[in-house]
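Chain by chain, the residues:
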Amino acid sequence: MAKSTAEETIIARGVRVEGDFKSQGAVLIEGEVAGNVQIAGDLRVGDESKIHADVVAQNAVVGGEVRGNIQVAGRLELLSSAKMIGDVTADVLSVQAGALVNGKITMDGREVKMPKVESSDDKE
Amino acid sequence: MYYYVYDEFVQDPKFERELSAIETRLTDLGIAGKIARLALFRDPKELIRDEIRKGAKTIVAIGNDLTLRKVIDAVADRDVVVGMIPFGKDNNVIADLIGMPGGVESCDVLSARILQELDLGMVNSRRFLHTVVMQNVSKVEIECDRDFTISPFRACEIVVRNLAMPEDDVRAADPTDGRLEVVVRVPQRSWFGAKKIATTVVPVKRAVIRSATNVAGAADGEAFEGNEFIFESLPRQVRVITGRARKF
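Residues numbered from 1 in each chain as written. Chains lettered and ligands numbered in written order. Predicted model: local features only at pLDDT ≥ 70, side-chain atom pairs only at ≥ 80, totals over all residues. Heavy atoms only, no water.

Side note on the overall build of chain A
Note the cut-off: Comment: elements are numbered from the N terminus, with helices defined as DSSP H or I runs of at least four residues and strands as E runs of at least two. When checking whether two residues touch, look at their non-hydrogen atoms; a contact exists if any pair is within 4.5 Å. Calculation of accessible area relied on Shrake-Rupley with a 1.4 Å probe; when residues are assessed, cover is drawn exclusively from the protein chains displayed.
Along chain A, the regular secondary structure elements total zero helices and 15 strands. The contacts of chain A with a sequence gap of at least 6 include a subset with a gap of at least 24, amounting to 9%. As presented, chain A carries roughly 6,000 Å² of accessible surface, and 42% of it is formed by carbon and sulfur atoms.

Laid out in structure tokens, this is it:
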């Protein structure tokens, strides 16, 4: 059984998430996600995860596959197992040997609009 | 005014001594009150609401989690305080979570009146304080906050937590954060037969669980069935007397 982690939201292996996935806090993704990912906190993407979505996060560490554009306000770390197919925007970028990046990398200090996660009460 | 709701099983002769000691201590502390004894054909909701109309301000469940659930169902939306004196060994998780010791000591905790406003969970108009557990659920889809859906690849266990202890794979659920926690445990296949569980945890305000098959679940220990369950967090719904040893 996996030990509990610092993340308050965990998408584990064995599930698929579809739609506009939003979170105020830190998120760990180890399963499959399709749609949009908007995270006001830090994101960690596990080695075996598959994300088919545009991703916005405060900081991110990516070890799995991301097909879509990724925008990170702070630091983006691509691990050796990472496979990025899409454009990357980050303030600080770290790429380990073996990571695959297929897309445009922008590091011009432009501000990344962080998502304002709306509660379900606001939608009533 | 205190109103004590004795569950049916508490009236068993084996609890007579303990009950008598508790009643004496409550009188010593000046918090003795009217007593209602639940029985098979007595509707606890009606009984408790009638007493609230007559002026009861603190309703104390004497029994276990199921007794507390009956009281919480009855006091929803009413301006009263809920307390508990735990009895018996089965179904007594909530007492531990809210820091209520067993036996006579619980009278002192009641008397100290440390109040906490807690959220409740609601599933298909059934309120719960602790958790809803659904085991071996297959062909299921969980819609979270009307934004996204979670689809487990195989049969899994789903637990919706409002107030719960930390476990190996999940942290404690806080009943004051205005959210429920959806926990999905999916068994993973492994080469050497070792059983591995992948745990998904998503905090939500609202969730809808739909299954192609009929699913059996338990809300705070009370069984129910269905194939669509609408969950909602009801923030600050109930004022509960808690002990210093509470787990949140």
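Some details on the packing of aromatic side chains
Ring pairs (aromatic) are described by centroid distance and by the angle formed between their planes. All names here are of chain B. Put simply, the rule is: Two rings from Phe, Tyr or Trp (for Trp, the six-membered ring) form a pair when their centres are within 6.5 Å of each other. A pair whose planes differ by under 30 degrees is stacked, one over 60 is edge-to-face, and the rest are tilted. Only protein chains enter the accessibility calculation, which uses a 1.4 Å probe; a residue whose area is less than 20% of its type maximum is buried, one above 50% is exposed, and one in between is partly exposed. Each ring is checked for a lysine NZ or an arginine CZ that lies within 6 Å of its centre and within 35 degrees of its normal; such an atom marks a charge sitting over the ring.
Under the criterion given, the structure shown has six aromatic pairs over all chains. Pairing Y2 with Y4 gives two aromatic rings, centres 6.0 Å apart and planes at 15 degrees, and the pair type is stacked. Assigned by exposure class, Y2 and Y4 land together as buried. These aromatic residues form a ring-pair network of at least three members: F9, F15 and F87. Directly above the aromatic system of Y6 lies the positively charged group of R37, at a separation of 5.2 Å from the ring centroid.

Section: the pairing of strand β3 (residues 58–63) of chain B
Residue and element names in this part refer to chain B. For clarity, the threshold we go by: Paired strands are those between which DSSP finds at least two bridges. When the strands point away from the viewer, a crossover counts as right-handed if the route from the first strand across the helix to the second turns clockwise.
Here β3 lies mainly inside the structure; six of its six residues are buried. Burial along β3 is two-sided: the residues T58, V60 and I62 and I59, A61 and G63 are all buried. Of the pairings in the sheet, the one linking strand β1 (residues 2–6) to β3 comprises five bridges and is parallel in character. Within β3, the residue paired with V5 across the bridge is A61. Crossover connection from β3 via helix α3 (residues 65–75) to parallel strand β4 (residues 81–86): handedness right-handed.

Here we look at the pattern of salt bridges
Residue and element names in this part refer to chain B. Here is the rule: In the sections that follow, a salt bridge refers to a side-chain nitrogen of Lys or Arg positioned within 4 Å of a carboxyl oxygen of Asp or Glu.
Here the structure, examined in full by the defined rule, presents 26 salt bridges over all chains. For D108, the salt bridge identified is with R25, shortest N-O distance 2.6 Å. Separated by 83 residues along the polypeptide, D108 in helix α5 (residues 105–112) and R25 in helix α1 (residues 16–28) bring together distant segments of the chain. Owing to a relative accessible area of 32%, D108 belongs among the partly exposed residues under this scheme. We note a salt bridge from E143 to R210, for which the minimum N-O separation is 3.4 Å. Highlighted residues: E143 in strand β8 (residues 140–144) and R210 in strand β13 (residues 206–219), separated in sequence by 67 residues. Connected through shared salt-bridge partners, E157, R161, E167, D169, E181 and R185 make up one network.

A few points about the environment of V88 of chain A
All names here are of chain A. For V88, the location among the structural elements is in strand β12 (residues 88–89). On the accessibility criterion, V88 (1% relative accessible area) is buried. In contact with V88, not counting residues within four places along its chain, are I70, L76, L93, V101, K104, I105 and T106.

Description of the packing of α1 of chain B against α5 of chain B
Residues and elements named next belong to chain B. Worth spelling out the cut-off: Only the stretch in contact is used when fitting a helix axis, every axis being a line fitted to C-alpha atoms; angles between N-to-C directions are given from 0 to 180 degrees. Under this scheme an angle from 65 to 115 degrees is roughly perpendicular, one under 35 degrees roughly parallel, and one over 145 degrees roughly antiparallel; angles in between are oblique. Two helices that cross are described as forming a left-handed crossing if the nearer one is turned anticlockwise from the farther one by less than a right angle, and a right-handed crossing if clockwise. Residues are grouped as follows: nonpolar covers Ala, Val, Leu, Ile, Met, Phe, Trp, Tyr, Cys and Pro; charged covers Asp, Glu, Lys and Arg; every other residue, Gly included, is treated as polar.
Put simply, α1 and α5 touch, their axes get as near as 9 Å, and they point 30 degrees apart. Comparing their axes, α5 and α1 come out roughly parallel. Considering only the axes of α1 and α5, their crossing is right-handed. In this structure, α1 uses I22, R25 and L26 to contact α5, whose residues at the interface are C107, D108 and L110. Within the contact of α1 with α5, the residues separate by chemical class into four nonpolar, no polar and two charged.

Things to note about the domain arrangement of chain B
One widely used convention gives an interface's size as the accessible area the parts lose upon coming together. All names here are of chain B. Operational definition: Domains are outlined according to an automatic or database domain assignment. By buried area we mean the combined loss of accessible area, with a 1.4 Å probe, across both parts when two parts are placed together. By the criterion applied in these results, polar contacts are pairs of N or O atoms within 3.5 Å in which, for protein atoms, one can donate a hydrogen and the other can accept it, and in which residues neighboring in sequence qualify only through two side-chain atoms.
Its domain assignment divides chain B into domain 1 (2–112) and domain 2 (126–236). Relative placement of domain 1 and domain 2: their C-alpha centres are 29 Å apart. Tallying the contact residues gives 13 residues for domain 1 and eleven residues for domain 2. Across the domain 1 to domain 2 interface the summed buried area is about 1,100 Å²; carbon plus sulfur atoms make up 68%. Taken as a group, R69, I94 and L97 account for 50% of the area that domain 1 buries against domain 2, more than any other trio of residues on that side. Across the contact surface, domain 1 and domain 2 share two salt bridges. The residue R69 makes a salt bridge to E222 at a minimum N-O spacing of 2.9 Å. On the surface where domain 1 and domain 2 come into contact, there are two residue pairs in polar contact (both at pLDDT 80 or more). A per-element tally of the side of domain 1 that touches domain 2 places α3 first, with six residues. Its residues assigned to classes, the side of domain 1 that touches domain 2 comprises eight nonpolar, no polar and five charged.

Points about unusual backbone geometry
All names here are of chain B. In this model, D77 sits at a positive phi of 70 degrees, which is unusual for a non-glycine residue. Looking at the element boundaries, D77 is found in the loop between α3 and β4. According to the relative accessible area criterion, D77 is exposed, its value standing at 60%. Phi at R236 takes a positive value of approximately 45 degrees, unusual for a residue other than glycine.

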